[in-house]
Amino acid sequence: MNKPMIPVLTILLVLLSFHLAFAQTPACTWGFEASPASLPNGAYRPVAATVGDHFYFIGGYADGIATDDVYAYSPLTDTWETKTSMPSARGGACGAAIDGKIYVVGGGFSNSLYIYDTETDTWETGSSHPEFMSGCMAAAIDGELFVAGGRRSDDTVLASTYSYVPLLDAWNAMADMPAGKYFGKGVAFAGYFFAVGGWNNDTNYSYDPNANTWTTEATMPVIANDANLIAPEFEQAYYFWVFGLGVSWTPDDNIRGYDINSSSWFTAGSFGTMPTAVFASGADNFHDAAFIIAGGATGNSVETDAVQVFRYCLPYISPNVEPAEVVNYRATERSEERRVGKECRSR
């Protein structure tokens, strides 16, 4: 007689525990953290990437001079750690992370490829890039590094694109961009390599690695060099973001999104503006929990050590989503991060 009650009670307990866990998750409150820990040393035009639980800031310019500094930031503890320096100082390089390693290409009109292993805190040198240049744009897609554009020391502006295969330590020439540009910003999003803006440039190109073709996208609303470009990991997202950019040496503090479905830009007014107007920062997405914008320039060769952390929510924020409709994604521990992340996605 009592046996049928056991599975019923079990189901009720499971439902109740789920309800309590879900109810205890606060409503989403996006916005900038009040006072994140500053960079140990300010710099602009670094290479930056998130790997695991850390955001890495590599090289850049300080007082107009290239540095070899490497720092790792933990958003979970709001602390910075100094890592092993690069083999040589580099500013104006480009790069991306693949399988726990960060690839730093060019910079200082060099053709070097430095590879940082985040697990062992060590550097190695890879095959040289075919061009000596600075101001390239890069993104990693399916384990392959794509590098486009840049400027040579003789002021030649490059339209060339190359792919690097880590397993082969080899570069391959790919289709050229529609036109050359430098000090734009590259990002991988939805399987494409976007090359956005550039010095005195408002163009926006997308590269399809499968077809080896470039497409001209909607131009930026303003001339845009050194944009702080960030893309989501969330698979259903269709926006990537610009958290500040440069109009020559003048910072623009607006936050903008690019809709890949409608090929259009919009200003994210509900996000406000950048607390510190910067461009040429190190910027990346931290596990779809926060955008990190570190360092950068506030004027002509004037660097800052400011760190700006923008917390947000899943499903990925869009202009039509209100704070009450989504769940906050704030992590204090990895286990908590996974639990809340699952609840966010379930909605």
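Residues numbered from 1 in each chain as written. Predicted model: local features only at pLDDT ≥ 70, side-chain atom pairs only at ≥ 80, totals over all residues. Heavy atoms only, no water.

When you go through the chain residue by residue, the secondary structure sums to two helices and 30 strands. The buried share of the chain, taken over its 347 residues, is 52%. Accessible surface, the chain: about 14600 Å² in total, of which carbon and sulfur atoms supply 51%. (Helix = DSSP H or I, 4+ residues; strand = E, 2+ residues; numbered from the N terminus. Buried < 20%, exposed > 50% of the residue type's maximum accessible area, 1.4 Å probe, protein only. Areas by Shrake-Rupley, 256 points an atom, 1.4 Å probe, with all protein chains shown as cover.)

Summed over all chains, the structure comprises seven salt bridges. Residues Arg45 and Asp226 are paired through a salt bridge, measuring 2.8 Å at the closest nitrogen-oxygen approach. In this pair, Arg45 sits in the loop between strand E1 (31–32) and strand E2 (47–51) while Asp226 sits in the loop between strand E19 (213–216) and strand E20 (229–230), placing the two residues 181 residues apart along the sequence. Of the charged contacts in the structure, one is a salt bridge between Arg151 and Asp155, with a shortest N-O distance of 2.4 Å. (Salt bridge = Lys/Arg side-chain N within 4 Å of Asp/Glu carboxyl O.)

Here the focus is the sheet that holds strand E17 (residues 192–198). Taken together, four strands build an open sheet; the order of strands is E16-E17-E18-E19 and the sheet is antiparallel. Sheet topology places strand E16 (185–189) and E19 at the edges, where each strand pairs with a single neighbour. Going from strand to strand, the sheet's axes swing by 25 degrees on average, the running direction of each strand aside. (Pairing = 2+ DSSP bridges. Axes fitted to C-alpha atoms, helices over the stretch in contact; angles between N-to-C directions.)

Take the layout of surface pockets next. Its volume calculated, the largest pocket comes out at about 1000 Å³. Around the largest pocket, the lining is made up of 48 residues, and of these Ala96, Ala97, Ala140, Ala188 and Asp284 lie nearest the centre. Of all the secondary structure elements, the ones that give two or more residues to the lining of the largest pocket are E2, strand E8 (94–98), strand E12 (137–141), E16, E20 and strand E24 (282–286). For the lining of the largest pocket, the residue count by class is 27 nonpolar, 14 polar and seven charged. (1 Å grid on protein atoms, 1.4 Å probe; cavity = no way out; pocket = protein on both sides within 12 Å on 5 of 7 lines; lining within 4 Å. Points joined across faces, edges and corners; volume = space filled by probe spheres on them. Nonpolar A, V, L, I, M, F, W, Y, C, P; charged D, E, K, R; others polar.)

Moving on to the state of the cysteines. Summed over all chains, the structure comprises one disulfide. The disulfide bridge from Cys94 ends at Cys136, spanning 2.1 Å between sulfur atoms. The S-S bond linking Cys94 to Cys136 shows a torsion near -105 degrees; that makes this disulfide left-handed. With Cys94 in strand E8 and Cys136 in the loop between strand E11 (122–125) and E12, this residue pair connects regions lying 42 residues apart in the sequence. (Disulfide = S-S within 2.5 Å.)

Now for the pairing of strand E23 (residues 264–267). A regular strand places its side chains on the two faces of the sheet in alternate fashion. Across four bridges, the pairing between strand E22 (residues 250–259) and E23 is antiparallel. Each residue of the ladder has a partner; that of Tyr258, found in E23, is Trp265. Counting the residues in the hairpin turn of E22 and E23 gives four residues, including Ser263, whose phi is positive at 50 degrees.

A few words now on unusual backbone geometry. We note that Asp142 has phi near 50 degrees; this positive angle belongs to a residue other than glycine. Topologically, Asp142 is positioned in the loop between E12 and strand E13 (144–148). With a phi angle near 50 degrees, Asn200 is a residue other than glycine that sits in the positive phi range. Within the secondary structure layout, Asn200 lies in the loop between E17 and strand E18 (201–208).

Let's shift gears to the sheet that holds E11. The antiparallel open sheet is built from four strands, whose spatial order is E8-E9-E10-E11. The outermost strands of the open sheet, each flanked by one partner alone, are E8 and E11. For this sheet, the mean inter-axis angle between neighbouring strands, taken without regard to orientation, is 20 degrees. Relative to strand E10 (residues 113–117), strand E9 (residues 101–105) runs antiparallel, the two being bridged by five bridges. Counted as the bridge partner of Val104 is Tyr114 from E10.

What follows is about the packing of aromatic side chains. The geometry of an aromatic ring pair comes down to the distance between the two centres and the angle between the two planes. For the coordinates displayed, the defined rule picks out 34 aromatic pairs. Counting every residue linked through ring pairs, the aromatic cluster contains Phe32, Tyr238, Tyr239, Trp241, Phe243, Phe266, Phe271, Phe291 and Phe310. Lying across the ring of Phe183, Arg45 places its NZ or CZ 3.5 Å from the centre. (Phe/Tyr/Trp six-rings, centres within 6.5 Å; stacked < 30°, edge-to-face > 60°. Lys NZ or Arg CZ within 6 Å of the ring centre and 35° of its normal.)

Everything listed here is a matter of coordinates, which is why it stays silent on function.
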